[in-house]
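Breakdown of the fold
One letter stands for each residue in the lines below.
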Amino acid sequence: MPTSEHPGAAPSPALRPPQFNARGWRLHRLAHSPLGRYGLAVLSTALALLIQLALGRFIYPTPFLLFFGAVMVSSWWGGGRPGLLAITLSLGAVDYFFFPPFHSFKLEPGNALLLGLFAVIGGIVSRLNVALRRTSAERAEMLERERQVRRETETERARLHELLMQAPSLVALFQGPEHVFLLSNPPSDEALGHRPVLGKPIREAMPEAVEQGFVALLDRVFTTGTVFKAQEMFMKFLQPDGSQREYFLNLVCQPTRDVQGRIDGVATFGFDVTDFVRARQKAEALTAQLQRTEERYVSFVNQSTEGIFRVDVTSPIPITMPVEEQIRIMLRDAYVVECNDAMARMYGFDNAAVFMGARMRTFLAQEDSRNFAALRGFIQSGYRQVDLESHELARDGTSRIFLNNLVGIIENGHFLGAWGSQRDVTEQRHAEEELKRAESHARFLSEASAVLASSLDYESNLRNVVRLAVPALADWCLVDLAQPDGALRRVETVYSSPEDAEQTLQAQRLGINGELSLESPVLQAFHQGRSILIQELTPEIIQESAKTEELAQLIARLHPRSVIAVPLVVRGRVLGVLSFITSHSGRRLTNVELKLMEELARRAALSVENAWLYRDAREAIRLRDEFLSIASHELKTPLTPLSLKLQMLTREAQRQSDSPFRRAVENYITVGSRQVKKLSELVSDLLDVARIGGGRLRLELEEMDLSALAREIVVRGESEAARLGSTLVLEAPPSVIGHWDRLRLEQVITNLVDNAIKYGAGKPIRIQLESDADRAILRVKDEGIGIAPEHLSRIFERFERAVSERHYGGLGLGLYITRTIVEAMGGSIQVESTLGEGATFTVVLPRRPREAPSSAG
Ligand code: ADP
């Protein structure tokens, strides 16, 4: 701190030690030497004498006055002895010069008394002077010492002030019970936002200190005198811009005392540890976070259902080593260094602790080429692999399949181990295989069904079906069918491997009846009518199966492993045997395949049965059609003469005179004629059906007027309609010309109109005809009983009816014939109906059929 700010620190000029130059210093020394002191006594006395001599007459009668001065000067300056010298010299001088007898040392008694008095007073003066001089010197010395002390104090204070101002901590000095700011060093100023605080009480200068308890703290220190210390005390300082600055301070509040030792203020020292505390808090937060992360990681690892592990190899493997060699060492040396419980459990261990240290070779099937290939992939992809499949063995020897994610640990060109996680996918794989197998079985069955339905030749169907089974299900398939003599004949042998061809042919040549024993699976299945499964064919079974050694050897050379023989049972009769054999594929046939083959055999048997049924049905239909054809011819033959006879009878009756008898006869004739007409229509229908069935329906196309035909039929049907209470209304243009078969169209319209009358419930019937350039459209509408929706689609089929025979007679052939004729002319027929509200039949005919079909069926 500059001294000028503290004038008190500089000594006052009055008390400054005398300043001398070199000459002055010598004079000073001389004056204080014995010579100087005594010389001054002599000189001052001499000076007093001279002045006395010169001024004697003016200062008479006291010659001593000036000599007193000499004595005072001598004793003041030189001390007691020079004073004494001056007294002595003054006595001599006064006696000699001023007491009679003058210029003599003789004395009168009166003067001697005066001299004596002078000597005594001079002595006293001299002593007083000496004492005064000493006192004054001591005082000067004391003053000087005090000045010195004050100077030192000021310096100290200045130094302390300087020190406090320079201190790197926050320093503030407070004075009095109101804690008036006495000092605030720059760091403290900085914290306070450079507010003017000096000279102000803290409550005014720093109001925020109140609520933070800082004022109470100062109060306590001030009143009790105890020192307050706090570590990392949190304090907030308001800033002029309204913000606040936060500090962590190591705080010391100490009372200050005045000279009397009374507490006059408080000194506070705050060491700013904010950065440190913040850094530590951050570090603590980070540590906590890290800990949480680690805890999370540990709990994740522990709770993970995936196995998490690290394996190491006992000695590092150079990555430049040949891959095969690396794999060999890995498989031999890798052991578990870290793992979670889930990992241990995958191998059948209770927890990680017991699994740790386990050698992987114990679990990783070394001879399994899949593991070898997987590790090769791992190495070749840079010691990193996702979903690497490993085939391993659990503790109890069961095989497991794991999917691994592996990351190798490589250091200085060496493989040290790997981190990994693994999932047990054994069940999944098994399920997938199961699913695949089920899918392939389902596919096989559906393909087989398609083949079986493809033709009615069941022998060739069976041959084709067993081909589907090779090589998907078996390496060999045999089809043996029973012959009329009851013996089995091999009709098909299918093999998957061309190498088997030669032996297959030989086996074929050897036949099956002569050389196969009854113990053989094929004959067992055939004779017992039940399926046979042999999962592992032993040499003994082969021996037992073959009657001759040659056949036994031949079979043995084919290395069969499993066999399934299923009988083909149709209507309780064993028709043959299907056999499935595995050999070089090494596959083992199980109950699963047995079930499949049984299902195949069942379907095959069903298809055989269907083929038989179909054959029987076709035969029955053929016989029926043949009968129909013959019967209708036979029925028609007597009808023509009968109706002629009836016509003749009518004419005969008309010639008779009117009588009740004639009327009765005419009545019978009318009924008879109607019945004959109906009968001949029925017979015609039967004939037509027989024709259609035999493909003999012929069309005679000609240009004709459909409108005229419809009119004709309506006129003809009116009486029958009237008989049943209906009316026939025709709505038709004058003519609708087209290229059609006249008789067949007559049949179509008659059928539809007759049905409308028959099922029309005595309500009006409308026949509508319209046409456009290409088509003629005929509608026959009635308001009768209608047709239930479920019957609509089938009434156009042969013999199909939607009414009970008790209420309505009929064969169910009219609509069948109608549809056949309409379709034969390139047209179509449809029906719309609501039960109880009538039916509308719509026939659409092309005016000119594209090509006149000659037949329909
Ligand atoms: P049928 O009349 O001899 O029984 P069809 O082949 O002419 O034989 O008719 C088949 C069936 O269609 C009839 O049995 C009848 O149930 C139904 N059907 C035909 N036409 C009508 C109609 N207009 N109204 C109600 N039902 C009809």
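Everything quoted here is computed from the prediction, not taken from an experiment. (Residues numbered from 1 in each chain as written. Predicted model: local features only at pLDDT ≥ 70, side-chain atom pairs only at ≥ 80, totals over all residues. Heavy atoms only, no water.)

**Quick notes on the overall build of the protein chain**
- Each helix and strand counted, the protein chain has 26 helices and 22 strands in total.
- A compact globule built from 857 residues should have a C-alpha radius of gyration of about 29 Å, whereas the protein chain, at 74 Å, is more than 25% larger.
- Considering only C-alpha atoms, the protein chain reaches an extent of 245 × 90 × 45 Å along its principal axes.
- For the protein chain, long-range pairs separated by at least 24 residues make up 61% of all intrachain contacts whose partners lie at least 6 apart in sequence.
- When the accessible surface of the protein chain is summed, it comes to about 48,000 Å², and 57% of that surface belongs to carbon and sulfur atoms.
- A distance of 7 Å separates the average location of the 99 positive side-chain charges in the protein chain from that of its 105 negative side-chain charges. (Helix = DSSP H or I, 4+ residues; strand = E, 2+ residues; numbered from the N terminus. Rg over C-alpha atoms; globule rule 2.2 N^0.38 Å. Contact = heavy atoms within 4.5 Å. Areas by Shrake-Rupley, 256 points an atom, 1.4 Å probe, with all protein chains shown as cover. Lys, Arg positive; Asp, Glu negative; His and termini not counted. Charge placed at Lys NZ, Arg CZ, Asp CG, Glu CD.)

**Quick word on the pattern of salt bridges**
- Summed over all chains, the structure comprises 53 salt bridges.
- A salt bridge links Arg-716 to Glu-746; the nearest nitrogen and oxygen atoms lie 2.9 Å apart. With Arg-716 in helix 23 (residues 706-723) and Glu-746 in helix 24 (residues 742-758), this pair connects stretches of sequence that are 30 residues apart.
- Classification of Arg-716 as partly exposed rests on a relative accessible area of 46%. (Salt bridge = Lys/Arg side-chain N within 4 Å of Asp/Glu carboxyl O. Buried < 20%, exposed > 50% of the residue type's maximum accessible area, 1.4 Å probe, protein only.)

**A look at a nonpolar patch on the surface**
- Together, Leu-47, Leu-50, Ile-51, Leu-53, Leu-55 and Phe-58 make up an exposed nonpolar region whose accessible area comes to about 580 Å².
- With respect to the helices and strands, the residue Leu-55 is situated in helix 2 (residues 34-59). (Patch = residues over 30% accessible without salt bridge, like charges linked within 9 Å, V, L, I, M, F, W, Y side chains within 5 Å.)

**Points about the site of the ligand**
- The local shell around the ligand holds 19 residues, among which Asn-755, Tyr-759, Asp-782, Arg-801 and Leu-815 are the closest.
- Side-chain polar atom of Asn-755 to an oxygen atom of the ligand: 2.9 Å apart, as the coordinates give it.
- Between an oxygen atom of the ligand and a main-chain N or O atom of Ala-802, the distance comes to 2.9 Å.
- Relative to its unbound accessible surface of 520 Å², the ligand loses 96% to contact with the protein.
- Those elements giving two or more residues to the shell around the ligand turn out to be helix 24 and helix 26 (814-824). (Near = heavy atom within 4 Å. Polar contact = N/O pair within 3.5 Å; in protein donor to acceptor, adjacent residues only side chain to side chain.)

**Some points on the packing of helix 15 (residues 426-454) against helix 16 (residues 458-469)**
- For the pair helix 15 and helix 16, interaxial distance at closest approach is 9 Å and the crossing angle is 160°. One way to sum up the angle between helix 15 and helix 16 is to call them roughly antiparallel. The chirality of how helix 15 crosses helix 16 is right-handed. Of the residues in helix 16, those in contact with Phe-444, Glu-447, Ala-448, Val-451, Leu-452 and Ser-454 of helix 15 are Asn-461, Asn-464, Val-465, Leu-468 and Ala-469. (Axes fitted to C-alpha atoms, helices over the stretch in contact; angles between N-to-C directions. Parallel < 35°, antiparallel > 145°, perpendicular 65-115°, else oblique. Left-handed = near helix turned anticlockwise from the far one by under 90°.)

**Things to note about helix 16**
- Look at helix 16: 17 Å from first C-alpha to last across 12 residues, which is about the 16 Å you get at 1.5 Å a residue.
- For helix 16, the full list of buried residues reads Asn-461, Leu-462, Val-465, Val-466 and Ala-469. The arc that holds the buried residues of helix 16, viewed along the axis, is 130°, so those residues lie on one side.
- Buried residues in helix 16 make contact with helix 15, strand 11 (476-482), strand 12 (488-495), strand 14 (562-570), strand 15 (573-582) and helix 21 (591-655). (Expected span 1.5 Å × (residues − 1). Arc of directions from axis to C-beta.)

**As for the environment of Ile-630**
- By secondary structure assignment, the location of Ile-630 is in helix 21.
- Linking Ile-630 and Ala-690, residues 60 residues apart in sequence, is a C-alpha distance of 9.1 Å.

**Looking at the packing of aromatic side chains**
- Enumeration over the complete set of coordinates arrives at 21 aromatic pairs.
- For the pair Phe-68 and Phe-118, a centre-to-centre distance of 5.0 Å together with 55° between the ring planes defines the contact as tilted. You can see Phe-68 sitting in helix 3 (residues 65-78) and its partner Phe-118 sitting in helix 5 (residues 109-166), a full 50 residues away along the chain.
- Three or more aromatic residues link up through ring pairs in this structure, and these residues are Tyr-347, Phe-349, Phe-355, Phe-363 and Phe-402.
- A cation sits over an aromatic face here: Arg-133 above Trp-76, 5.6 Å from the ring centre. (Phe/Tyr/Trp six-rings, centres within 6.5 Å; stacked < 30°, edge-to-face > 60°. Lys NZ or Arg CZ within 6 Å of the ring centre and 35° of its normal.)

**Let's talk about the sheet that holds strand 2 (residues 180-184)**
- As summarised here, the arrangement of the five strands in space is 2-1-5-4-3, forming an open sheet in which the pairing is antiparallel. With one partner strand each, in any of the chains shown, strand 2 and strand 3 (228-238) form the two edges of the open sheet. On average, adjacent strands in this sheet sit at an angle of 35° to one another, irrespective of strand direction.
- Relative to strand 4 (residues 244-257), strand 3 runs antiparallel, the two being bridged by nine bridges. By the bridge assignment, Ala-230 is partnered in strand 4 with Leu-251.
- Running at roughly 80° to strand 2, helix 5 makes contact with strand 1 (170-175), strand 2 and strand 5 (263-272) of the sheet. (Pairing = 2+ DSSP bridges.)

**Some remarks on the sheet that holds strand 20 (residues 775-781)**
- Taken together, the five strands give an open sheet; going across it, the order is 17-19-20-22-21, and neighbouring strands pair in mixed fashion. One side of each edge strand has no neighbouring strand; the edge strands of this open sheet are strand 17 (728-731) and strand 21 (828-834). Pairs of neighbouring strands in the sheet enclose a mean axial angle of 15°, with direction left out of account.
- Inspection of the sheet shows strand 20 paired to strand 22 (residues 838-846) by seven bridges, in the antiparallel sense. Residue pairing for strand 22: Lys-781 is matched across the bridge by Thr-840.
- Along the sheet, helix 23 makes contact with strand 17, strand 19 (765-771) and strand 20, crossing strand 17 at roughly 170°.

**A closer look at the nonpolar core**
- Judged by nonpolar contacts, the single largest core of 46 residues is most densely connected at Leu-706, Trp-740, Leu-745, Leu-752 and Phe-841.
- If you list the elements that add at least two residues to this core, you get helix 22 (660-693), helix 23, helix 24, strand 19, strand 20, helix 26, strand 21 and strand 22.
- The element best represented in this core is helix 24, accounting for seven residues.
- Each residue touching Leu-745, except ones within four places of it in the same chain, is listed here: Met-704, Leu-706, Leu-709, Trp-740, Met-825 and Leu-845.
- Of all hydrophobic cores here, the second largest spans 34 residues; its members include Leu-473, Val-479, Leu-594 and Met-597. (Core = buried A, V, L, I, M, F, W, Y, C linked by side-chain atoms within 4.5 Å.)

**Comments concerning the pairing of strand 21**
- Across the two faces of strand 21 the burial differs, with Ile-829, Val-831 and Ser-833 buried and Ser-828, Gln-830, Glu-832 and Thr-834 not buried at all.
- Bridging between strand 21 and strand 22 involves seven bridges; their strand directions are antiparallel. If you follow Gln-830 over to strand 22, its bridge partner there is Thr-842.
- Taken together, strand 21 and the strand that follows it, strand 22, pair antiparallel across an intervening segment of three residues, in which Gly-836 is found at a positive phi of about 85°.

**Focus: the environment of Val-494**
- By the secondary structure assignment, Val-494 is in strand 12.
- Overall, Val-494 belongs to the buried group, its relative accessible area being 10%.
- Along the primary structure Val-494 and Leu-468 are separated by 26 residues, whereas in three dimensions their C-alpha atoms are 9.6 Å apart.
- Apart from residues no more than four positions distant in its own chain, Val-494 is found in contact with Val-466, Arg-467, Val-470, Asp-475, Trp-476 and Cys-477.

**Structural notes on the confidence of the model for the protein chain**
- Considering every residue of the protein chain, the mean pLDDT works out to 87; 94% of them sit at 70 or more.
- Confidence drops under a pLDDT of 50 for residues 1-18, and excluding neighbours within four residues, the segment shows 15 contacts in the predicted structure.
- Below a pLDDT of 50 lies the segment residues 852-857, which in the model reaches 15 contacts outside its immediate sequence neighbourhood of four places, other chains included. (pLDDT = per-residue confidence, 0-100.)

**Focus on the packing of helix 4 (residues 80-97) against helix 5**
- Put simply, helix 4 and helix 5 touch, their axes get as near as 9 Å, and they point 155° apart. By the angle class used here, helix 4 and helix 5 are roughly antiparallel. Helix 4 and helix 5 meet at a crossing whose hand is right-handed. Along the contact surface, helix 4 presents Gly-80, Gly-83, Leu-84, Ile-87, Ser-90, Leu-91, Val-94 and Asp-95, while helix 5 presents Leu-115, Phe-118, Ala-119, Gly-122, Gly-123, Ser-126 and Val-130.
- Of the residues contributing to the contact of helix 4 with helix 5, the split by class is eight nonpolar, six polar and one charged. (Nonpolar A, V, L, I, M, F, W, Y, C, P; charged D, E, K, R; others polar.)

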